[in-house]
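Summary of the model geometry
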Amino acid sequence: MMLRAPKLKCQEVVELVTDYLEGSLSRRDRRRFEAHIAGCPHCSEYLAQLRETIEQTGRLREDDLEPAVLDELLDVFAEWRRDRL
Amino acid sequence: MALARTSGEDTTGEGALVAALRAADEGVFRMLVERHTPAMRRLALTFVRSQAVADEVVQEAWLGVLRGIDRFEERSSLKTWIFRIVANVARTRGVRESRSAPFSSFASADEPSVDPDRFQRDGAWASPPEPWERLEAAEMRRVIDATIEALPLQQRQVISLRDLEGWGADEVCAVLEISEGNERVLLHRARSKVRAAVEEHERGAT
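Residues numbered from 1 in each chain as written. Chains lettered and ligands numbered in written order. Predicted model: local features only at pLDDT ≥ 70, side-chain atom pairs only at ≥ 80, totals over all residues. Heavy atoms only, no water.

Digging into the overall build of chain A
As a reminder of what qualifies: In this text, helices come from DSSP runs of H or I with a minimum length of four residues, and strands from runs of E with a minimum of two, each type numbered from the N-terminal end. With C-alpha atoms as the basis for the radius of gyration, the globule rule is written as 2.2 Å multiplied by the number of residues raised to the power 0.38. Burial classification: accessible surface area is computed with a 1.4 Å probe over protein chains only, and a residue below 20% of its type maximum counts as buried, one above 50% as exposed, and the rest as partly exposed. Only heavy atoms matter for contacts: two residues are in contact if any of them lie within 4.5 Å across the pair. We get accessible surface area from the Shrake-Rupley algorithm with a probe of 1.4 Å; when it comes to residues, only the shown protein chains can shield them.
Each helix and strand in chain A was counted, giving four helices and zero strands. Each helix and strand of chain A, ordered N terminal to C terminal, gives the series α-α-α-α. Here chain A has a C-alpha radius of gyration of 24 Å; the compact-globule value for 85 residues is 12 Å, and the former is much larger. Across its three principal axes, chain A shows a C-alpha extent of roughly 75 × 30 × 15 Å. By residue count, 38% of the 85 residues in chain A fall in the buried class. Nonlocal contacts in chain A, meaning residues at least 24 apart in sequence, comprise 59% of its contacts between residues at least 6 apart. For chain A, the exposed surface amounts to about 5,400 Å²; the carbon and sulfur share of it is 48%.

Printed below as a string of structure tokens:
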């Protein structure tokens, strides 16, 4: 017979969110986590806010490369190629 | 549903890229430079904190890539190998640069993610998170950027690589040379602080 795991407290849930999102909770802990979230609008909101934060963090990325930087690196390359041949 | 962030690495065709670099193919070098340099620069900046030095790190790292390409054994992806070189060069420069932040100690596990005063004695919320409705997305990103900037070094590196660059945990561990467990703790601390900072601004916004 399986022992019933004690219910998670909100204060514990906020420490488990990353493990949950990373998929690194045990199956049992994931069930406890999901059961808590399903019944707790506050922790559900907390999780939603964390997801929103992660989403917005990803939008900070800018992948523009200044032409001058590219040119300098192509010079480095040309020099390396000269030495190599 | 819990979803592990898997590394979005596509290593198919990498052998061809490596061969082209060894053959000194400028087009392939240029493509790799365009693909990786912005992120290399950002990683360098977590170590050295000066744009000029970061640019030097990037240049030195690319030279290291070219000089080392014959020795690259493809035990990791090309991308991981390139960024390990960046980290090594930047680490060396960071130590030499007196201004750089010292390496922070391991994230402590007892740092609470949420102010303990916001919970009742039984661990339930006393002051629960309110839905965010006021902050504009652009303002939220400004707060996030400033908060990440102020994090301890390793937390800043991990959250930048994971959430800003969108890397997988395995790549981050390989490049920063930290364990999976430590990576997760650092990510957790960093994300918790960033969420808290946004919340604080949301409360203060009118």
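Here the narrative resumes, following the displayed structure.
Examining the layout of surface pockets
By rolling a water-sized probe across the atoms, one finds the places where empty space is left. Residues and elements named next belong to chain B. Worth spelling out the cut-off: Both site types are read off a 1 Å grid over the protein atoms alone. A 1.4 Å probe that fits but cannot get out defines a cavity, while an open set with protein on both sides within 12 Å along at least five of seven lines defines a pocket; lining residues have an atom within 4 Å of a point. Grid points are joined across faces, edges and corners, and a volume is the space filled by probe spheres set on the points. An automatic or database domain assignment supplies the start and end points of every domain.
Considering only enclosed or pocket space, the largest pocket measures out at about 690 Å³ in volume. Lining the largest pocket are 22 residues, and of these Pro38, Arg41, Arg42, Leu45 and Asp145 sit closest to its centre. Elements with a contribution of two residues or more to the lining of the largest pocket: helix H2 (26-48), helix H5 (137-149) and helix H6 (153-164). Broken down by element, the residue count for the lining of the largest pocket peaks at five residues, all from H2. Composition of the lining of the largest pocket by domain shows at least three residues from each of domain 1 (14-96) and domain 2 (116-205).

Digging into a positive patch on the surface
All names here are of chain A. Note the following rule: Here, patches come from residues exposed beyond 30% relative accessible area and free of salt bridges, joined within 9 Å for like charges and within 5 Å for nonpolar side chains (Val, Leu, Ile, Met, Phe, Trp, Tyr). When a carboxyl oxygen of Asp or Glu lies within 4 Å of a side-chain nitrogen of Lys or Arg, that pair is called a salt bridge. The charge count treats Lys and Arg as positive and Asp and Glu as negative. His and the chain ends do not count. Note on charges: their place is set at NZ of Lys, CZ of Arg, CG of Asp or CD of Glu.
A cluster of like positive charges, contributed by Arg27, Arg28, Arg30 and Arg31, occupies part of the molecular surface. Relative to the helices and strands, Arg30 is located in helix H2 (residues 27-39). By relative accessible area, Arg30 is classed as partly exposed at 32%.

Some words on the interface of chain B and chain A
Bring the parts together and some accessible area is lost; that lost area is often taken as the interface size. Test applied: Two parts placed together each lose some accessible area under a 1.4 Å probe, and the buried area is that loss summed for both. Contacts described as polar in this section are N or O atom pairs within 3.5 Å, which, within protein, must combine one atom able to donate a hydrogen with one able to accept it, while residues neighboring in sequence count only if both atoms come from side chains.
Chain B puts 62 residues into the contact, and the matching count from chain A is 45 residues. Here chain B packs against chain A, burying approximately 4,700 Å² in sum over the two surfaces, 63% of which is carbon and sulfur. It is Trp125(B), Arg141(B) and Arg191(B) that lose the most area in chain B upon contact with chain A, and together they represent 12% of the buried surface on that side. Scanning the region where chain B abuts chain A turns up five salt bridges. Inspection of the chain B/chain A interface yields 22 residue pairs in polar contact (both at pLDDT 80 or more). Where the side of chain B that touches chain A is concerned, the elements lending two or more residues are helix H1 (14-22), H2, helix H3 (51-68), H5, H6 and helix H8 (180-204) of chain B. The element that contributes the greatest number of residues to the side of chain B that touches chain A is H8(B), accounting for 10 residues.

Comments concerning the confidence of the model for chain B
All names here are of chain B. Note the cut-off: How sure the predictor is of each residue is captured by pLDDT, a score from 0 to 100.
Averaged over every residue, the pLDDT of chain B is 88; residues scoring 70 or more account for 85%. Per-residue pLDDT stays below 50 along residues 1-8; that stretch engages in 23 contacts with residues further than four places along the chain or on separate chains. Low pLDDT (under 50) marks residues 98-107, which in the prediction has 19 contacts with non-local residues, meaning those over four places away or in another chain. Complex prediction metrics read pTM 0.88 and ipTM 0.91.

A look at the packing of aromatic side chains
Think of a pair of aromatic rings as described by two things: how far the centres are apart, and how the planes are tilted against each other in angle. Going by this rule: In summary, the pairing rule links any two rings of Phe, Tyr or Trp, Trp by its six-membered ring, whose centres are within 6.5 Å, and it sorts them by plane angle into stacked for under 30 degrees, edge-to-face for over 60 and tilted for everything else.
Applying the stated rule across the entire model yields eight aromatic pairs over all chains. Ring centres 4.7 Å apart and planes at 25 degrees place the aromatic pair Phe77(A) and Phe29(B) in the stacked group. Taken together, the residues Phe77(A) in helix H4 (residues 67-84) and Phe29(B) in helix H2 connect one chain to another. Phe77(A) gets classed as buried once you look at its relative accessible area, which sits at 0%.

What to know about the nonpolar core
Applied cut-off: Definition used in this section: a nonpolar core is a set of buried Ala, Val, Leu, Ile, Met, Phe, Trp, Tyr and Cys residues joined via side-chain atoms within 4.5 Å.
Of all hydrophobic cores here, the largest spans 64 residues; its most connected members are Phe29(B), Leu43(B), Trp62(B) and Leu78(B). For this core, the leading source of residues is H2(B), giving 10 residues. Each of domain 1 (14-96) and domain 2 (116-205) of chain B accounts for three or more of the residues forming this core. By size, the runner-up hydrophobic cluster in this structure holds 19 residues, among which are Val17(A), Leu21(A), Ile54(A) and Phe119(B).

Considering empty space enclosed by the protein
Residue and element names in this part refer to chain B. As a reminder, the rule being used: Polar here means any residue other than Ala, Val, Leu, Ile, Met, Phe, Trp, Tyr, Cys and Pro, which are nonpolar, and Asp, Glu, Lys and Arg, which are charged; Gly is therefore polar.
Scanning all chains against the criterion turns up one cavity of 30 Å³ or more. By volume, the largest cavity amounts to about 30 Å³. What lines the largest cavity is Ala39, Arg42, Leu43, Thr46, Ser160, Leu161 and Glu165. Counting only elements with at least two residues in the lining of the largest cavity, the list comes to H2 and H6. With four residues, H2 is the single largest residue contributor to the lining of the largest cavity. Its residues assigned to classes, the lining of the largest cavity shows three nonpolar, two polar and two charged. Of the domains in this structure, domain 1 (14-96) and domain 2 (116-205) are the two that each give at least three residues to the lining of the largest cavity.

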